[in-house]
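A closer look at the structure
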Amino acid sequence: MTDPGYNPAYRSLDADKIIATIEKLRLRIEERLGPCGLSRVTAELGEVASECLVRVDMIRRPNIALRILVGVVVIAAIALLLQIKPLIDLSKASPDTVYTLLQGVEAAMNILVLIGAALLFLFKFEERLKQRRSLSALHQLRTIAHVIDMHQLTKDPSAIFGELPPTANSPARSLSAPELLRYLDYSSELLSLTAKVAALYAQSLPDAVVSDAVSDIERMTSSMSQKVWQKIGIIESKLRAASPPSAASA
């Protein structure tokens, strides 16, 4: 009996909605901070997510050429067995034909072993081909996550509050404390969305190697996001310390 509360929309990731969320985030970044490096990285992630739709569809579809090859191997094997069948006809077995019978059985067994090995190789080859395509796409997402992390490395909370004077080689810092908070928040969202795009591959291809690669990206983006939120916590605590006490607390 179907659960009345069952909704398939909440049982799997929707690639179209993830792409729409990435585009919405890009617009939010540009509206708040103007065109910047982070908005361009977001646009790039949106393109990779769109490509993901095509790749996932290719991964899900069976490889027709390989399936045809499997069929050819099976037909060829059946034809070989039919050729050997007269040698293993038990109804004609006699002391004079025992040796011929054993030869036929041995040949049939060898053919069956070769058929099994060939079919196993072809089926595994299709899985490895899909696995290779998924891992190549996941490598792109891993690189994008590192690019996002690089963009917020110079967003140092101490520089916002003038704890140290800038040097000749210090990066330009034009963001105010509230703007930096939003920038870091956008970076954390972008890292999370990167992990969600990666999860689409694990959803479409239940392969242990692909699942491990996706889990690795999720752990990496989570660790990066934790560092971002540490900066957010520092800025918020400094803003609270710098704000005058309210009338209610006086």
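Now for a look at the structure at hand.

A few words now on the pattern of salt bridges. Side-chain pairs of opposite charge can arise where the charged atoms are in close proximity. All told, the structure shown has 6 salt bridges when counted by the stated rule. With a shortest N-O distance of 3.9 Å, Lys 227 and Asp 149 are connected by a salt bridge. You can see Lys 227 sitting in helix α7 (residues 208–242) and its partner Asp 149 sitting in helix α4 (residues 98–151), a full 78 residues away along the chain. Take Lys 227: its relative accessible area is 39%, and that puts it in the partly exposed class. For Asp 149, a relative accessible area of 10% puts it in the buried group.

The next subject is the packing of helix α6 (residues 177–204) against α7. Their axes nearest at 9 Å, the elements α6 and α7 cross at an angle of 170 degrees. It follows that α6 is roughly antiparallel to α7 by the angle criterion. Of the residues contributing to the contact of α6 with α7, the split by class is 19 nonpolar, 4 polar and 4 charged.

The next point concerns the packing of helix α1 (residues 15–33) against α6. Packed helix pairs are specified by the crossing angle of their axes together with the interaxial distance, meaning the distance between the axes. Two elements in contact, α1 and α6, have axes whose closest approach is 11 Å; the angle formed by their N-to-C orientations is 165 degrees. If you check the angle between α1 and α6, you find them roughly antiparallel. Of the two elements, α1 crosses α6, and the hand of that crossing is left-handed. Contact residues: α1 offers Ala 15, Ile 18, Thr 21, Ile 22, Leu 25, Arg 28, Ile 29, Arg 32 and Leu 33, while α6 offers Glu 179, Arg 182, Tyr 183, Tyr 186, Glu 189, Leu 190, Leu 193, Lys 196, Val 197 and Leu 200.

Analysis parameters
- Residues numbered from 1 in each chain as written.
- Predicted model: local features only at pLDDT ≥ 70, side-chain atom pairs only at ≥ 80, totals over all residues.
- Heavy atoms only, no water.
- Salt bridge = Lys/Arg side-chain N within 4 Å of Asp/Glu carboxyl O.
- Helix = DSSP H or I, 4+ residues; strand = E, 2+ residues; numbered from the N terminus.
- Buried < 20%, exposed > 50% of the residue type's maximum accessible area, 1.4 Å probe, protein only.
- Axes fitted to C-alpha atoms, helices over the stretch in contact; angles between N-to-C directions.
- Parallel < 35°, antiparallel > 145°, perpendicular 65-115°, else oblique.
- Nonpolar A, V, L, I, M, F, W, Y, C, P; charged D, E, K, R; others polar.
- Left-handed = near helix turned anticlockwise from the far one by under 90°.
- Contact = heavy atoms within 4.5 Å.

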